[in-house]
Amino acid sequence: MIYSSEVEEMCPVAQGVAHGCAPIPQEGQWTKSKEITDISGLTHGVGWCAPQQGACKLTLNVKEGIIQEALVETIGCSGMTHSAAMASEILPGRTLLEALNTDLVCDAINTAMRELFLQIVYGRTQSAFSEDGLPVGAGLEDLGKGLRSQVGTMYGTLKKGPRYLEMAEGYVTGIALDADDQIIGYQFVSLGKMTDFIKKGDDPNTAWEKAKGQYGRVDDAVKIIDPRQE
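Per chain, the residues get numbers from 1 upward, laid out in the order the sequence is written. Only residues with pLDDT of at least 70 are given local features in this predicted model, and only at 80 or more are side-chain atom pairs given and counted; all residues enter the totals for whole chains, interfaces and linings. Heavy atoms throughout the structure, all of them, feed into the side-chain values; hydrogens and water do not.

Trainee: For this particular structure, what's the right way to read a nonpolar patch on the surface?
Mentor: Patch construction takes residues with relative accessible area above 30% that form no salt bridge. Like charges are linked within 9 Å, and nonpolar side chains (Val, Leu, Ile, Met, Phe, Trp, Tyr) are linked within 5 Å. Working definition of accessibility: Shrake-Rupley area with a 1.4 Å probe, residue cover restricted to the visible protein chains. Take a side-chain nitrogen of Lys or Arg and a carboxyl oxygen of Asp or Glu: if they are within 4 Å of each other, that pair is a salt bridge. Taken together, Met1, Tyr3, Val7 and Met10 make up a surface patch of nonpolar side chains, about 510 Å² in accessible area. The secondary structure listing takes helices from DSSP runs of H or I that are at least 4 residues long and strands from runs of E that are at least 2 residues long, numbered from the N terminus. Turning to its location among the elements, Tyr3 is positioned in the segment before α1 (5-8).

Put into structure tokens, the structure is as follows:
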């Protein structure tokens, strides 16, 4: 290590008491993190690209500094889906520091990684007060049984009003309106369930009917419109 002549000529002064770093909450314990291997936790974060055309929700499960599980969800940009595919291969097995300094192909995923790094090293993980943390596989719980992201897609214009296109329950097939043309409910089909029914041997029409559902006062509707055609 090289010191400047000004520092070399200084007289030494003792630093006094050093209490070390402040502990952070991690998996039900208070940890003084000095090395990257001292970091554990599961958490989520959101990133966005420079033109803000798309966004990424990233979920990481970290054990002793190493990423054991990664869930990469993207929206708004078709190219981001391919980037997410590559990121899902890149992230597991890397330390947090490696992942922070690795090109995850897409700006939105890189930004999400930065936001997660800050959460994790400052002790702001979702599992901070969960004893022994969360098992590997917990990231999939956000997706539900159909293993599909929770997506909401809505569109509206001043002239024609709102259109519900996709809810957490599934693909919206009909919007229920009352006598004043106000929305009082909607019909949907769960594409994840439908696909599962088809894989089990149901024909598409049967699977479609079995995967259908509704929310709200659909039975009281004066009319039901197709949000994509009307």
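Trainee: Just checking my understanding: could you explain the sheet that holds strand β3 (residues 41-48) for this structure?
Mentor: Consider a sheet: its strands pair through backbone hydrogen bonds, and that pairing is either parallel or antiparallel. Strand order across the open sheet formed by three strands is β3-β4-β5, with antiparallel pairing between neighbours. Strands at the two margins of the open sheet, each flanked by one partner only, are β3 and β5 (66-75). On average, each strand axis in the sheet is inclined to that of its neighbour by 15°, with strand direction left out of account. Relative to strand β4 (residues 55-63), β3 runs antiparallel, the two being bridged by eight bridges. Counted as the bridge partner of Gly47 is Cys56 from β4. Contacting β4 and β5, helix α2 (residues 78-90) crosses the sheet at an angle of about 175° to β5. Its contacts with the sheet place helix α4 (residues 107-121) against β3, β4 and β5, and it is angled at close to 140° to β3. The pairing criterion for strands is at least two bridges between them, as found by DSSP. Here an axis means a line fitted to C-alpha atoms, over the contact stretch when the element is a helix, while the angle between two N-to-C directions is reported on a 0 to 180 degree scale. Should any heavy atoms of two residues lie within 4.5 Å, those residues are considered in contact.

Trainee: It is not clear to me how the packing of aromatic side chains should be interpreted in this structure. Could you clarify?
Mentor: Geometry of an aromatic ring pair is reported as the spacing of the ring centres plus the angle between the planes. For this analysis, a ring pair means two rings from Phe, Tyr or Trp (six-membered ring only for Trp) whose centres lie within 6.5 Å, classed as stacked if their planes differ by under 30 degrees, edge-to-face if by over 60, and tilted for the remaining angles. A complete count under the given rule lists four aromatic pairs for this structure. Taking the centre distance of 6.0 Å and the plane angle of 80° together, the rings of Tyr164 and Tyr186 count as edge-to-face. With Tyr164 in strand β7 (residues 161-167) and Tyr186 in strand β9 (residues 183-189), the pair connects residues that are 22 residues apart, well separated along the chain. Exposure classes here rest on a 1.4 Å probe applied to the protein chains alone. A residue is buried below 20% of its type maximum, exposed above 50%, and partly exposed in between. The class of Tyr186 is buried, set by a relative accessible area of 6%. Counted as over-ring charges are cases with an Arg CZ or a Lys NZ within 6 Å of the ring centre that also lie within 35 degrees of the ring normal. The aromatic ring of Phe197 is capped on one face by Lys210, whose charged end is 4.4 Å from the ring centroid.

Trainee: Quick question: what am I supposed to make of α2 here?
Mentor: Of all the positions in α2, only Met80, Ser83, Ala84 and Ala87 are classed as buried. For α2, the angular spread of the buried residues around the axis is 110°, confining them to a single face. Among the exposed residues of α2, those pointing more than 90 degrees away from its buried face are Ser78, His82 and Glu89. Against the buried residues of α2 lie β4, β5 and α4. Directions are taken from the helix axis to each C-beta atom, and the arc is the one they span.

Trainee: Explanation requested: the pattern of salt bridges in the structure shown.
Mentor: It is possible for side chains of opposite charge to pair when their charged atoms get near one another. A complete count under the given rule lists ten salt bridges for this structure. Residue Glu115 pairs with Arg114 through a salt bridge whose shortest N-O separation is 2.8 Å. For Glu115, a relative accessible area of 24% gives the class partly exposed.

Trainee: Even after reading the chapter, I still don't get unusual backbone geometry, so can you show me in this structure?
Mentor: We note that Gln52 has phi near 55°; this positive angle belongs to a residue other than glycine. Along the polypeptide, Gln52 turns up in the loop between β3 and β4. Non-glycine residue Glu64 carries a positive phi angle of around 50°. Looking at the secondary structure, you find Glu64 in the loop between β4 and β5. For Glu64, a relative accessible area of 58% gives the class exposed.

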